[in-house]
Amino acid sequence: MKRCCRFRRRDHRFEADFDGCCGKGGGDPAPNAAEPRVWGGFLSAGSWDPPGVRAEPALPRAALPPAAGSSEGAAAQCGRRGRSSRSSRPSVAGAAAGRGATTPAAAAGMLQVRPGLYLGGAAAAAEPGGLREAGVGAVLTVDAEEPALQAPDLRQLFVPALDEPGTDLLSRLDRCVAFVLQARAEGRGVLVRCHAGVSRSVAVMTAFLMKTEQLSFEKAYENLQTIQPAAKMNEGFEWQLKLYQAMGCEVDTSSAVYKQYRLQKVTEKYPELRNLPQELFAVDPTTVSPGPNDEVLYKCRKCRRSLFRSSSILDHKEGSGPVAFAHKRPAPALPRISGSPAPCTSHFVEPVQWMEPALLGVMDGQLLCPKCNAKLGSFNWYGEQCSCGRWITPAFQIHKNRVDEVKALPALGPPTRRA
Ligand SMILES: [Zn+2]
Ligand SMILES: [Zn+2]
């Protein structure tokens, strides 16, 4: 078994819902528990507001100024051109003051990614005069400490983040992209910077290119690497950008992808947690009246107590069936079955409020009906294997034969499940 980059405990093999992860094989978006952990604040996503910055509305794509090399084909072409593309690109700064290292942008330690859009490290914004000369009127800093940039009329966004795989950048990408779009719509040159200019700023810039130029993660990253050959974001950011791509380059906190991500982030920290963050739990369906989006309800088969809604189900791709269990059997007895995964006999769901007392302080256990105590399934923070062979981490598993599906009334419209 090829081990992927993150989060393997016990002997479990984890496979992701998502295609690929760190790109090193396996498809494993679980975080690396062995890495130093940093809480980038995703648990307070939405309430987090950086100092001194007013809210930027997301802009339509049309608001983006036309940029050279903004098609996927052009990006691929840039990839072939290699390093020389940097000095051969049309450049706002370059047009004014020549090419190469003599441009104001280069003199200020910035690399031009697109006209009026720059990448840089700590040195890039050291001199306010350099920013002004290069036409930079907005600076997005992704760093541990807020920079002391003082320039009149300079718009700034500071995103506190360490360059570590555990840092939650994903939850901040929408805000970062909106800031850059807004500044560009105002005709400002924009600098995206971090400390070294190779990981955090590159990750944010990659997200910006993915979103505004409809590039895949790989294409956008590759394009940046032709401009900054030292660009190397950490594997946690790579994984997060792939999730960003899976969400259509817009962070949807109600999506299964994001919920799974949030759960995995909590799992990294779980053994030390005293309390589970409340936003982790889906509202108990017995405490709220059904809304138009509450399409299908799942009830205890024995006592009919409402347990969860279909929007709480974290779908996964079916695993490879019996072959996926081969590691549990002696090799010679391995059945040669292929292409016919066993059906999933469980729903894997996000935690629901009624589960909370059972989850605290233990790594695994049973999930019992809160009303009649019937056994519904089990949970395991390290993950469990579905009957189809797929590992889900962490796992909150409800056996399908213990619950009944109750469809929405026709008046509420056809059942739709948020993917
Ligand atoms: Zn399954
Ligand atoms: Zn029950």
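Predicted model only: the values in this text are computed from it and were never measured.

Student: Where do I start with the overall build of the chain in this structure?
Tutor: Across its full length, the chain carries eleven helices and 14 strands. Within the chain, the fraction of its 419 residues that count as buried is 45%. The long-range share in the chain, meaning contacts at least 24 apart out of those at least 6 apart in sequence, stands at 65%.

Student: I would appreciate a short explanation of the sheet that holds strand β8 (residues 346-348) in the present structure.
Tutor: Across a sheet, paired strands are connected by hydrogen bonds in the backbone, their directions being either parallel or antiparallel. Reading across from one edge, β8-β13-β10-β9 is the order of the four strands in this open sheet, with antiparallel pairing throughout. A single partner strand is all that each edge strand has here, and the edge strands are β8 and β9 (364-368). When strand polarity is set aside, the average angle formed by the axes of neighbouring strands in this sheet is 25 degrees.

Student: Looking at this structure, I do not really get the confidence of the model for the chain. What am I missing?
Tutor: Atomic detail in the predicted coordinates should be set aside for any region of low pLDDT. Mean pLDDT over the chain works out to 74, with 65% of the residues at or above the 70 mark. This stretch, residues 1-100, has a pLDDT under 50; its non-local contacts, to residues over four places away or in other chains, come to 185 contacts. Contacts of residues 330-336 to residues separated by more than four positions or lying in other chains number three contacts, the stretch itself having pLDDT below 50.

Student: Sorry if this is basic, but what is going on with the environment of F308 here?
Tutor: Considering the arrangement of structural elements, one finds F308 in strand β7 (residues 306-309). Of the residues examined, F308 has 27 C-beta atoms within 10 Å and is grouped as buried. The spacing of F308 and V352 is 44 residues in sequence and 6.9 Å in space, taken between C-alpha atoms. Each residue touching F308, except ones within four places of it in the same chain, is listed here: A282, P285, Y298, V349 and V352.

Student: Explain the packing of helix α7 (residues 200-213) against helix α8 (residues 217-227) to me, please; I cannot follow it from the model alone.
Tutor: Helix-helix packing: each pair is described by the crossing angle between the helix axes and the interaxial distance. At a minimum axis distance of 9 Å, the contact between α7 and α8 shows a crossing angle of 125 degrees. As far as their axial angle goes, α8 and α7 are oblique. The interaxial crossing formed by α7 with α8 has right-handed handedness. Contacts between α7 and α8 involve V202, M205, T206, L209 and M210 on the former and, on the latter, F217, A220, Y221, N223 and L224.

Student: Help me understand the packing of helix α6 (residues 173-185) against α7 in this model?
Tutor: Running from N to C, α6 and α7 cross one another at 70 degrees; their axes reach a closest spacing of 10 Å. Comparing their axes, α7 and α6 come out roughly perpendicular. Residues L173, C176, V177 and V180 of α6 touch α7, and the partners they reach there are V204, A207, F208 and K211. Here the contact of α6 with α7 is composed, by residue class, of seven nonpolar, no polar and one charged.

Student: Quick question: what am I supposed to make of the pairing of strand β13 (residues 395-399) here?
Tutor: For a regular strand, side-chain orientation follows a simple rule: the groups alternate between the two sheet faces. The element β13 is largely enclosed, with a buried count of four among its five residues. Where β8 meets β13, three bridges bridge the pair, whose relative direction is antiparallel. By the bridge assignment for β13, H347 is matched with I398. Where strand β10 (residues 375-380) lies against β13, four bridges are found, and the strand directions are antiparallel. Counted as the bridge partner of S378 is Q397 from β13.

Student: What's the story with the environment of S311 in this structure? I'm lost.
Tutor: Take S311: it is sitting in the loop between β7 and β8. Looking at S311, the number of C-beta atoms within 10 Å reads 19, which means it is partly exposed. The spacing of S311 and E295 is 16 residues in sequence and 8.0 Å in space, taken between C-alpha atoms.

Calculation notes
- Residues numbered from 1 in each chain as written.
- Chains lettered and ligands numbered in written order.
- Predicted model: local features only at pLDDT ≥ 70, side-chain atom pairs only at ≥ 80, totals over all residues.
- Helix = DSSP H or I, 4+ residues; strand = E, 2+ residues; numbered from the N terminus.
- Buried ≥ 20, exposed ≤ 12 C-beta atoms within 10 Å, placed from the backbone.
- Contact = placed C-beta atoms within 7 Å.
- Pairing = 2+ DSSP bridges.
- Axes fitted to C-alpha atoms, helices over the stretch in contact; angles between N-to-C directions.
- pLDDT = per-residue confidence, 0-100.
- Parallel < 35°, antiparallel > 145°, perpendicular 65-115°, else oblique.
- Left-handed = near helix turned anticlockwise from the far one by under 90°.
- Nonpolar A, V, L, I, M, F, W, Y, C, P; charged D, E, K, R; others polar.

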